[in-house]
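# Chain and residue survey
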Amino acid sequence: QVQLVESGGGLVQAGGSLRLSCAASGRTFSTYAMAWFRQAPGKEREFVAVISWSGGTTYYADYVKGRFTISRDNAKNTVYLQMNSLKPEDTAVYYCAAGWGNTVAANSYAYWGQGTQVTVSS
């Protein structure tokens, strides 16, 4: 069982930066691939980025590639999402998720956090 708690969301102007954190409980954090998803009002949840259990492999959605960076610190049971050059269309609730495959499919992830709101003003 893994419990995930996101933090770091907020209101930022377009072009600004935020760093999201996702703290995990449990001793098996380092065995999970970790991902970030987001959901904007009226839209389906969409994949943002994933990082392998070791941190050696990452993959990004095209719409964030080059602007967002996912990383993890297994000693701290935490995964991060550094978001730069933010755009109004990045506004959403951001969720972290834990699973066993480096996949973009939300239904592949067994554990989810409650989400943190990111709002980008124009």
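For the structure itself, look to the data block above.
Owing to the predicted nature of the structure, the values given are computational and were not obtained by experimental measurement. Residue positions are given per chain, counting from 1 as you read along its sequence in written order. For this predicted model, a pLDDT threshold of at least 70 governs which residues receive local features, and a threshold of 80 or more governs which side-chain atom pairs are given and counted, while totals over whole chains, interfaces and linings are taken from all residues. Derived side-chain values reflect all non-hydrogen atoms in the structure, with water molecules and hydrogen atoms excluded from consideration.

The number of helices and strands found in the chain is zero helices and 11 strands. Numbered from the N terminus, helices here are DSSP runs of H or I no shorter than four residues, and strands are runs of E no shorter than two. When the helices and strands of the chain are listed from N to C terminus, the series reads β-β-β-β-β-β-β-β-β-β-β. A radius of gyration in this sense is built from C-alpha atoms; the matching globule rule multiplies 2.2 Å by the number of residues raised to 0.38. Against the globule reference of 14 Å for 122 residues, the chain gives a C-alpha radius of gyration of 13 Å, in line with a compact fold. For the chain, the residues scored as buried account for 44% of the 122 residues in total. Total accessible area on the chain stands at roughly 6,200 Å², and carbon and sulfur atoms take up 47% of it. For the purpose of charge, His is not counted, nor are the chain termini; Lys and Arg are scored as positive and Asp and Glu as negative. Charge coordinates come from a single atom per side chain, which is NZ of Lys, CZ of Arg, CG of Asp or CD of Glu. Distance from the positive charge centre (10 side chains) to the negative charge centre (7 side chains) of the chain: 6 Å. Per-residue accessibility, obtained with a 1.4 Å probe over protein chains only, is compared with the maximum for each type, and a residue is labelled buried under 20%, exposed over 50%, and partly exposed between these values. We get accessible surface area from the Shrake-Rupley algorithm with a probe of 1.4 Å; when it comes to residues, only the shown protein chains can shield them.

Next up on the list: the nonpolar core. The nonpolar core is taken to be a set of buried Ala, Val, Leu, Ile, Met, Phe, Trp, Tyr and Cys residues, with the residues joined through side-chain atoms within 4.5 Å. Residues L4, M34, W36, L81, M83 and Y94 are the most contacted members of the largest nonpolar core, which totals 38 residues. The contact criterion used is simple: two residues touch if any of their non-hydrogen atoms lie within 4.5 Å. Excluding anything up to four places from it in sequence, M83 contacts G16, S17, L18, L20, R67, F68, Y94 and V118.

Spatial ordering of the open sheet is given by β1-β3-β8-β7, a layout of four strands whose pairing is antiparallel. Looking at strand neighbours, the two that pair on one side only are β1 (4–7) and β7 (68–73), the edges of this open sheet. For this sheet, the mean inter-axis angle between neighbouring strands, taken without regard to orientation, is 15°. For β7 and strand β8 (residues 78–83), the ladder comprises six bridges, and the chain directions are antiparallel. Its bridge partner being in β8, R72 is matched across the sheet by V79. We call two strands paired when DSSP finds no fewer than two bridges between them. Axis definition: a line fit to C-alpha positions, over the contact stretch in the case of helices; interaxial angles, taken between N-to-C directions, run 0 to 180 degrees.

This paragraph deals with unusual backbone geometry. In this structure, N77 is a non-glycine residue whose phi angle is positive, near 55°. If you trace the backbone, N77 turns up in the loop between β7 and β8. With phi around 50°, S85 is a residue other than glycine that occupies positive phi space. Mapping S85 onto the fold places it in the loop between β8 and β9 (92–99). Residue S85 is classed as partly exposed on the basis of its relative accessible area of 43%.

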